[in-house]
Amino acid sequence: MGVSESRQCAFFGSNAFTSGSPSLAPTPRVSTTSSMPRTPLESALAARDIDGVRKAIADGADVNLQFGDGLTALCRASSLGESRILKVLLAARADVDARPSHSAASAVAEHVTDAGFAALHWACRDGREECVRLLLDASATADVRATDGVTPFMLACKTGHFECAKLVVRAG
């Protein structure tokens, strides 16, 4: 990491964000009490079942559909660090820059949509280097902004995932 990137990470690793920012909220989980039933794709992804993901896609699953918790399959796979599933989703033309639209499905979904994270935000926030590489290789926008203006680079720095920060800086 060059001097410039080190200074930027030092700044963003400071208290540049408030603790109330949606940018560092816990990773949402699907509520078992959700009124929205799980799709086959969502169930397969929750089980980290790559064959189930392939089957759901082959059966016509929409890889860009937002789940009940506000995440898309690509966002969820990125957050989980499931690079094998991420590759399958990318091959199925999942939108690398998709951000959740507003949904009143649940309080968690509302929080996720308020944050406005793309898959690259989730991967950087959770330190998923291989997922960051895959998303950037698939032409994800390196400086995509969340609702509050936070970029994947800022999240990577704030959460101490400096290798992810370097990948994003190198991508532009």
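Above this text you will find the structure in question.
Residues numbered from 1 in each chain as written. Predicted model: local features only at pLDDT ≥ 70, side-chain atom pairs only at ≥ 80, totals over all residues. Heavy atoms only, no water.

## Comments concerning the nonpolar core
- Membership of the largest hydrophobic core comes to 45 residues, with the highest contact counts inside it found for Leu74, Leu86, Leu89, Val132 and Leu135.
- Of all elements in the fold, only helix H2 (40-46), helix H3 (50-58), helix H4 (73-80), helix H5 (83-91), helix H7 (119-125), helix H8 (129-137), helix H9 (152-158) and helix H10 (162-171) reach the threshold of two or more residues within this core.
- Dropping the residues within four chain positions of it, Val132 is found in contact with Leu120, Ala123, Cys124, Cys164, Leu167 and Val168. (Core = buried A, V, L, I, M, F, W, Y, C linked by side-chain atoms within 4.5 Å. Buried < 20%, exposed > 50% of the residue type's maximum accessible area, 1.4 Å probe, protein only. Helix = DSSP H or I, 4+ residues; strand = E, 2+ residues; numbered from the N terminus. Contact = heavy atoms within 4.5 Å.)

## Digging into the pattern of salt bridges
- Across all of its chains, the model carries nine salt bridges by this definition.
- The partner of Glu42 in a salt bridge is Arg76, with the nearest N and O atoms 3.5 Å apart. Residue Glu42 is located in helix H2, and its partner Arg76 is located in helix H4; the two are separated by 34 residues in the primary sequence.
- With a relative accessible area of 2%, Glu42 lands in the buried category.
- A residue is classified by how much of its surface remains accessible, and Arg76, at 7% relative accessible area, is buried.
- For Arg125, the salt bridge goes to Asp126, with nearest N and O atoms at 3.0 Å.
- Classification of Asp126 by relative accessible area gives buried; the value is 18%.
- In the salt-bridge network here, residues are joined through shared partners; they are Glu42, Asp69 and Arg76. (Salt bridge = Lys/Arg side-chain N within 4 Å of Asp/Glu carboxyl O.)

## Remarks on unusual backbone geometry
- Even without glycine at this site, Arg93 takes up a positive phi of about 70°.
- Looking at the secondary structure, you find Arg93 in the loop between H5 and helix H6 (107-115).
- Residue Arg93 is classed as exposed on the basis of its relative accessible area of 72%.
- The phi torsion at Ser139 lies on the positive side, around 75°, for a residue other than glycine.

## Observations concerning the packing of H3 against H5
- For the pair H3 and H5, the least separation of the axes is 10 Å and the interaxial angle reads 10°. Classed by the angle they form, the pair H3 and H5 counts as roughly parallel. The handedness of the crossing between H3 and H5 is right-handed. Of the residues in H5, those in contact with Ile50, Val53, Arg54 and Ile57 of H3 are Arg84, Ile85, Val88 and Leu89.
- Its residues placed into classes, the contact of H3 with H5 shows six nonpolar, no polar and two charged. (Axes fitted to C-alpha atoms, helices over the stretch in contact; angles between N-to-C directions. Parallel < 35°, antiparallel > 145°, perpendicular 65-115°, else oblique. Left-handed = near helix turned anticlockwise from the far one by under 90°. Nonpolar A, V, L, I, M, F, W, Y, C, P; charged D, E, K, R; others polar.)

## Some points on the side chain of His121
- Examined against the element boundaries, His121 turns out to sit in helix H7.
- Classification of His121 as buried rests on a relative accessible area of 0%.
- Leaving out residues up to four positions away in the same chain, His121 has contacts with Val144, Arg145, Ala146, Val150, Thr151, Pro152 and Leu155.

## Side note on H4
- Of all the eight residues making up H4, seven are buried; the element is thus mostly covered by neighbouring parts of the structure.
- Along H4, the residues that are buried comprise Ala73, Leu74, Cys75, Arg76, Ala77, Ser78 and Ser79.
- Structurally, H4 contributes buried residues whose contacts are with H2, H5, H7 and H8.
- Looking at the residues trailing H4, positive phi occurs at Gly81, about 80°.

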